[in-house]
Structures are given as C-alpha cells and as structure tokens.
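Commentary on secondary and tertiary structure
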Amino acid sequence: MDSFLVNTGRKQFFIVSSFIILASLYTIGIYIYYSTLHGYYLNYIKSEIVLEVFYLAVVLYSLISVYKGRKWGMYFLIGFFSYKIYYALGSISWFYSIKNNLLGRITYNYSLNFDIVIYCIAILYFCFSKSFKEFIKYQKTKFTRVQSRNN
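Residues numbered from 1 in each chain as written. Predicted model: local features only at pLDDT ≥ 70, side-chain atom pairs only at ≥ 80, totals over all residues. Heavy atoms only, no water.

1. Some points on the nonpolar core
Spelled out, the test is: Residue types Ala, Val, Leu, Ile, Met, Phe, Trp, Tyr and Cys, when buried and joined through side-chain atoms within 4.5 Å, form a set referred to as a nonpolar core. The buried label applies to any residue whose accessible area, calculated with a 1.4 Å probe on protein chains only, is under 20% of its type's maximum; exposed applies above 50%, and partly exposed to all values in between. By the criteria applied, helices consist of DSSP H or I runs no shorter than four residues and strands consist of E runs no shorter than two, each listed in order from the N terminus. Any two residues having at least one pair of non-hydrogen atoms within 4.5 Å are treated as being in contact.
Counting residues in each nonpolar core, the largest one holds 25 residues, and the members touching the most others are Phe 13, Ile 20, Phe 81, Phe 126 and Phe 132. Only α1 (2-35), α2 (42-67), α3 (71-90), α5 (102-128) and α6 (130-150) provide two or more residues apiece to this core. Examining the composition of this core, we find that seven residues originate from one element, α5, more than from any other. With near-sequence residues (within four places) excluded, Phe 13 lies in contact with Leu 63, Val 66, Tyr 67, Tyr 125, Phe 126, Phe 132 and Phe 135.

Written out as structure tokens, the structure is:
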C-alpha cells in the first residue's frame, strides 16, 4: 500500500509542478505581450517581467528541494502561493485600467483566473494530500541513504 501512495504522490507532484511552472510561464508571456503594446504602463510591465522571472527561479529551486524531501521547501511554497493568490486578486484593479484592448483584457483575466486556480490546487495538495506526504517521507529517506553512502 505504501508503494502505491508513493507512486501516486510522485505522479501528482509532477502534475502539480508542471502546472505551476506553466502558470508562471504564462504570466511572463502575458507581461511580455503587454510590453509590446502601445506603451501602456511600460516601466511597470518591465519590472513585473523581471520580478516574475525571479519568482520562477525561486519556485523551481523550491520545487527541487521539495522533491528531495525537504519540508522547508514545502512550507515556503505554501506561503509563496498564498502571497501570489493575494497578489493576483490585487491585480484585478490593474486589469480594469487597460483601455481600448478587449483581447488584452480577456487574456489578462484568463491569466488571473488560471493563476488563482493553480495556486489554490497546489496549496491544497501540499497541505492535505496523504500520497504527497508519503512521497515526501520516501524521498527524504531515499536522499538520506544516498548521502550516507557517499560519505
């Protein structure tokens, strides 16, 4: 039974991780799209692109640490995703300030909804999934054994 939970947790971890990475890349793409428009909030958008790339790097590092069985990475990601949900909800006011671009408004709104849903699913998965917890225990013992063999 434990191996079933571990395998299920591994598959779910890769699915959730891939959606998190896709959400980050999609958000970066949306900001790049808006930076090519007619100069709407160009300085703001450039700083957001740099910030989102930094966030992506931090999330990738944290996902790697979670894969290695480190719980601090999981706690960091839960806090970070909570912040990103709060940030996405706050960005809705910026969405309404985009003028004369219906396609851009629809795309940006889709990005906000996509981010909120993905980050909520990730938080629920990291907090309440029994298979994920078993997978983390397995990974922690696996990497501990490998490190003790190398020393």
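Additional details are given in the paragraphs that follow.
2. Regarding the side chain of Ser 65
By secondary structure assignment, the location of Ser 65 is in helix α2. Residue class for Ser 65 comes out buried when judged on its relative accessible area of 2%. Beyond its immediate stretch of four places on either side in the chain, Ser 65 contacts Arg 70, Trp 72 and Gly 73.

3. Here we look at the side chain of Thr 27
Applicable threshold: Each polar contact in these results corresponds to two N or O atoms within 3.5 Å; when the atoms are within protein, one needs to be able to donate a hydrogen and the other to accept it, and residues that are neighboring in sequence are counted only if both atoms are side-chain atoms.
Of note, Thr 27 is situated in helix α1. Given the relative accessible area of 6%, Thr 27 is considered buried. Here the side chain of Thr 27 touches Ala 23 through a polar contact of 2.8 Å, landing on its backbone oxygen.

4. Describing α3
Filter applied, for reference: A helix is expected to reach a length of 1.5 Å times the quantity of its residues less one.
Counted at 1.5 Å a residue, the expected span for α3 with its 20 residues is 28 Å, and the 29 Å between its end C-alpha atoms agrees. Along α3, the residues classified as buried are Gly 73, Met 74, Leu 77, Ile 78, Phe 80, Phe 81, Lys 84, Ile 85, Tyr 87 and Ala 88.

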